[in-house]
Amino acid sequence: MVLLHVLFEHAAGYALFAVKEVEEIGMLLPQVEASVLSLGKFNSMVSLAAFFPFKSAQAALENMNAISEGVVHADLKLFLETNLPQSGKKKSVLGVSDGKIGAALQEELSSSIQTGGVVAEITRGLRLHFHSLVKGLTAMAASKAQLGLGHSYSRAKVKFNVNRVDNMIIQSIALLDQLDKDINTFSMRVREWYGYHFPELIKIVSDNSMYCRLAQLIGNRKELSEENLESLEEVVMDSAKAQAILDASRSSMGMDISPIDLINIERFSSRVVSLAAYRLELQEYLRSKMSQVAPNLAALIGEVVGARLISHAGSLTNLAKYPASTVQILGAEKALFRALKTRGNTPKYGLIFHSTFIGRAAAKNKGRISRYLANKCTIASRIDCFSELPTSVFGDKLREQVEERLSFYETGDVPRKNVDVMKEALKEATDVAAEIKRKLEKKEKKRKKREKKLQELGENGEANGDTEVENGEEDNTLKKKKKKKQAAEEMEAQAEEAPSGENGEETSAKKKKKRKAESEEAPDAEDGAEETETPAKKKKRKTDAMDTQPEETPETPVTEKKKKKKKKDAAE
């Protein structure tokens, strides 16, 4: 009897299922396929033996990465050693869906591994009914676990160093090729369009972007004069050509053109000029990205050819995995298969033909130098792909080797040995790496100092803010107290004025007294300029008090005279 256990890897954890009646299931495979869809029938064939949930999302991601690479994780090994029956009357067989992980498990464990056939159908059913077979796991929780793990796995696969992403190189080289085609097409359109008005300019100026700039500058050829000669020289960079353009404009056989047509030609030519300027910026951007991502490949074969190789391979990692024979004919696949089909000569080079080395070699040595260059390109791409600090030391040394090989083919000078060159390159690379590390450490120290200063400034700002808030609160309390006092005084004054409102004559007399007192105080204040403000305020308060006193008690004319005398004395 055979006891089959099926391992099922889920986002929630590892599960081990025991399969009943394996021989019957194997004999009735079509019936098994039909019964997989029904949970009741499938549950009678399969039972859960053990379940190991992942502790965290990080653990799930680590296990998923190990399974995808065909490596047995420590958690999986412990789970199977604990729950898989090792000895007994029945022979234990472990069913695994993936053959790669099955081969790795067979090396780690002593039990036999089975893939395909019954295991594939059982795995299909487990994938469908897993949340029903495991207690405490709902369909919603299972789908959330799958979604979360899928996102983290994809993110981990795509997550590289931002400064060394080769996707930008692939996109920029594709855009560069497209721009070349578009600029060429648009320039021909400008030539044809403006040629109706000034046909002689096509023979004088051959460069496309220069022709578009001249079409934008000249406009109507009849308006061209000696004053425009300097601006023509700036564009053409040749005084003879500028003079030839001026002479041709005077004796041109072109047709007259309307202002609206000229406006459209100028607008279109300005677009072409801007595209040409953007192409130069894009080429500079590609150069900078290649110096970050693949500096050795760029130093060896050039930025554009290196970018084309990376783009054709799909990524720098794929290019590093290719053998030198594949790199040699990369880009000439059609010619290769045509040669294999017709039994003709296979191509000697592909994209690397655009490098300067193959063009400089003699016809009989082109195949030899292309093979040698492909070897060096493979080495450079592998160094770029797997080195931590990008340096162009190895690329420069490999370029020197190719130059020496070229001279060897031409003159017979024996080149240096590869071992000696690589020793020199390693020594220089270590020195450059140490220098880069030192600079990075300095930058890190400066960054930390800035962060500390910012933190200190933030803490000081908070402390000052607290003290300001406390002072502000004290000021507010004082202001509130003053306002309360003023309000109380106003209320008292209103209460005192209320009875006096009954006697209108008294209030009018009081007003007259106040006016007299103020008029008497004014000249005294002018004479006594040396006096401070505080005594004047005291005098006013005294006069106010004197005014308020008669309101409280009914006054006789005798008392009023006495008070007038007192006020005069006080004013004096």
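Just so we're clear, the structure is a prediction, and the values are computed from it rather than from any experiment.

A. Spotlight on the overall build of the protein. From N to C terminus, the protein includes 26 helices and five strands. Burial statistics for the protein: of 572 residues in total, 34% are counted as buried. At a minimum sequence separation of 6, the contacts of the protein that also span at least 24 residues come to 66%. Of the accessible surface of the protein, which amounts to about 36200 Å², a share of 54% is contributed by carbon and sulfur atoms.

B. Summary view of helix 11 (residues 208-218). Taken as a whole, helix 11 has its buried residues at Met210, Tyr211, Cys212, Leu214, Ala215 and Ile218. Where helix 11 is buried, its residues contact helix 9 (167-195), helix 10 (200-204), helix 12 (229-236), helix 13 (239-250) and helix 14 (259-293). A positive phi of about 70 degrees marks Gly219, the residue just after helix 11.

C. Fine view of the side chain of Ser172. Structurally, Ser172 is set in helix 9. At 2.9 Å, the side chain of Ser172 forms a polar contact with the backbone oxygen of Met168. Ignoring any residue separated from it by four or fewer positions in sequence, one finds Ser172 in contact with Leu282, Tyr285 and Leu286.

D. How the structure looks around a positive patch on the surface. A grouping of Lys439, Lys442, Lys443, Lys445, Lys446, Lys448, Lys449, Arg450, Lys452 and Lys453 is seen on the molecular surface, where their side chains present a positively charged patch. Its place among the elements puts Lys448 in helix 23 (residues 418-500).

E. Looking closely at the packing of aromatic side chains. Going through the model one piece at a time under the given rule, you end up with twelve aromatic pairs. Taken together, a centroid distance of 5.9 Å and an interplanar angle of 45 degrees make the contact between Phe408 and Tyr409 tilted. The class for Phe408 is partly exposed, based on a relative accessible area of 29%.

F. Expanded view of the environment of Ile352. Looking at the element boundaries, Ile352 is found in the loop between helix 19 (333-342) and helix 20 (356-360). The exposure class of Ile352 is buried, given its relative accessible area of 0%. Each C-alpha atom, one on Ile352 and one on Arg371, is 9.8 Å from the other, the two residues being 19 residues apart in sequence. For Ile352, the residues in contact, after removing those within four places along its chain, are Ile301, Val305, Leu309, Val327, Gln328, Ile358, Ser370, Leu373 and Ala374.

G. Here's a closer look at the packing of helix 21 (residues 366-386) against helix 22 (residues 393-411). Contact geometry of helix 21 with helix 22 gives a least axis separation of 10 Å together with a crossing angle of 170 degrees. Judged by the angle between their axes, helix 21 and helix 22 are roughly antiparallel. Contacts between helix 21 and helix 22 pair Arg368, Ile369, Tyr372, Leu373, Lys376, Ile379, Ala380 and Ile383 from the former with Phe394, Leu398, Gln401, Val402, Arg405, Leu406 and Tyr409 from the latter. Per-class residue counts for the contact of helix 21 with helix 22 are eleven nonpolar, one polar and three charged.

Rules used throughout
Residues numbered from 1 in each chain as written. Predicted model: local features only at pLDDT ≥ 70, side-chain atom pairs only at ≥ 80, totals over all residues. Heavy atoms only, no water. Helix = DSSP H or I, 4+ residues; strand = E, 2+ residues; numbered from the N terminus. Buried < 20%, exposed > 50% of the residue type's maximum accessible area, 1.4 Å probe, protein only. Contact = heavy atoms within 4.5 Å. Areas by Shrake-Rupley, 256 points an atom, 1.4 Å probe, with all protein chains shown as cover. Polar contact = N/O pair within 3.5 Å; in protein donor to acceptor, adjacent residues only side chain to side chain. Patch = residues over 30% accessible without salt bridge, like charges linked within 9 Å, V, L, I, M, F, W, Y side chains within 5 Å. Salt bridge = Lys/Arg side-chain N within 4 Å of Asp/Glu carboxyl O. Lys, Arg positive; Asp, Glu negative; His and termini not counted. Charge placed at Lys NZ, Arg CZ, Asp CG, Glu CD. Phe/Tyr/Trp six-rings, centres within 6.5 Å; stacked < 30°, edge-to-face > 60°. Axes fitted to C-alpha atoms, helices over the stretch in contact; angles between N-to-C directions. Parallel < 35°, antiparallel > 145°, perpendicular 65-115°, else oblique. Nonpolar A, V, L, I, M, F, W, Y, C, P; charged D, E, K, R; others polar.

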